[in-house]
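Next come the chains, spelled out residue by residue.
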Amino acid sequence: YSEYGQVFIADSWYEDPIATNKGGFIDLPINEVIVCCEVLNGRLVIFCESSIYDLVPSNNPALPFKVGLVDGTFGSRIKNVVEVDNTLLFANNYGIYVYDGRNVIKINNQLGDDYNLYEYKYGNMHKDSRTGLIYILANSNSEALGFRPNPNVVIVYNYINNTFST
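Residues numbered from 1 in each chain as written. Predicted model: local features only at pLDDT ≥ 70, side-chain atom pairs only at ≥ 80, totals over all residues. Heavy atoms only, no water.

**What about the overall build of the protein?**
To be explicit about the condition: Only DSSP runs of H or I with at least four residues qualify as helices, and only runs of E with at least two residues qualify as strands; both kinds are numbered from the N terminus onward. Residue contacts are counted whenever heavy atoms from the two residues lie within 4.5 Å of one another. The method behind every accessible area is Shrake-Rupley, applied with a 1.4 Å probe, and residues are considered shielded solely by the protein chains displayed.
When its secondary structure is counted, the protein shows zero helices and 15 strands. In the protein, 37% of the contacts between residues at least 6 apart in sequence involve partners at least 24 apart. A total accessible area of about 9400 Å² is found for the protein, and carbon and sulfur atoms account for 50% of it.

Here it is as structure tokens:
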């Protein structure tokens, strides 16, 4: 989505004629916020609010990158993703997921309905490789009160034995 509010074809590369060879950009064909990006297997994975794209080199100077829709159902509400065993862990208000480069898989089934009580839009994740834990910061669903809440809930995910604690 461009800064001018125009949607372009996803594989269109724009390079300003005045600034030739100084870079360019690709507009995603959606009207969603890009939440975060992370590199996985040499590809830039772009997490939007409700979709995931990947950006790969094309080896074509006229069109140096290709953008592909990975998933049009799941996106990330949390500000960052975490790499775990060559997958990307992310969260939205429907679950905690991993993306392995081909599939999006929900991993938080044992959390139950309590998971729906939290808002992840202002949260983030932190990985502690020494302990095998990922800390997912969220907040109680207080956005309806009209202010931007700070994270006040921590979900701990042990990625070694695939368990959660709230």
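**Observations regarding the confidence of the model for the protein**
In regions of low pLDDT, the predicted coordinates are not meant to be interpreted in detail. The condition that has to hold: Confidence of the predictor at the level of single residues is given by pLDDT, which spans 0 to 100.
On average, residues of the protein score 78 in pLDDT, and 76% of them are at 70 or above. When the criterion is pLDDT under 50, residues 1-12 qualifies, and its contacts beyond four places in sequence or with other chains add up to 24 contacts.

**Some points on unusual backbone geometry**
A negative phi angle is the norm for most residues apart from glycine, just as the trans form is the norm for most peptide bonds. To keep it simple, the criterion reads: Three labels apply to residues, based on accessible area from a 1.4 Å probe with only protein chains included: buried if under 20% of the type maximum, exposed if over 50%, partly exposed otherwise in between.
Here Asn86, not a glycine, exhibits a phi torsion of approximately 65°, which is positive. On the secondary structure map, Asn86 appears in the loop between strand S7 (82-84) and strand S8 (87-92). For Asn162, which is not a glycine, the phi torsion comes out positive at approximately 55°. Looking at the secondary structure, you find Asn162 in the loop between strand S14 (153-158) and strand S15 (163-165). Residue classification places Asn162 among the partly exposed residues on the basis of a relative accessible area of 38%.

**As for the environment of Val156**
Within the secondary structure, Val156 sits in strand S14. Spatially, the C-alpha atoms of Val156 and Tyr135 are 4.8 Å apart, while their sequence positions differ by 21 residues. Each residue touching Val156, except ones within four places of it in the same chain, is listed here: Leu133, Ile134, Tyr135, Thr163, Phe164 and Ser165.

**A short note on the nonpolar core**
Spelled out, the test is: For this analysis, a nonpolar core means a set of buried residues of the types Ala, Val, Leu, Ile, Met, Phe, Trp, Tyr and Cys, connected via side-chain atoms within 4.5 Å.
Among the nonpolar cores identified, the biggest contains 20 residues, and Leu89, Ile96, Tyr120, Met125, Ile134 and Ile136 are the most heavily contacted of them. Mapped by element, the contributors of at least two residues to this core are S7, S8, strand S9 (95-99), strand S13 (133-140) and S14. Counting 11 residues, the second-largest nonpolar core is a separate cluster that includes Cys36, Val45, Ile52 and Tyr97.

**Brief notes about the sheet that holds strand S4 (residues 43-48)**
Spelled out, the test is: The rule for pairing is simple: two strands pair if DSSP sees at least two bridges between them. Fitted lines through C-alpha atoms give the axes, limited to the stretch in contact for helices. The angle between two N-to-C directions lies from 0 to 180 degrees.
Strand order in the open sheet formed by four strands is S3-S4-S5-S6, and the pairing between neighbours is antiparallel. Edge strands, defined here as strands with exactly one partner in the open sheet, are strand S3 (34-40) and strand S6 (65-71). On average, each strand axis in the sheet is inclined to that of its neighbour by 25°, with strand direction left out of account. In this structure, S4 lies alongside strand S5 (residues 52-57), joined through four bridges in antiparallel fashion. The residue of S5 that forms the bridge with Leu44 is Leu55.

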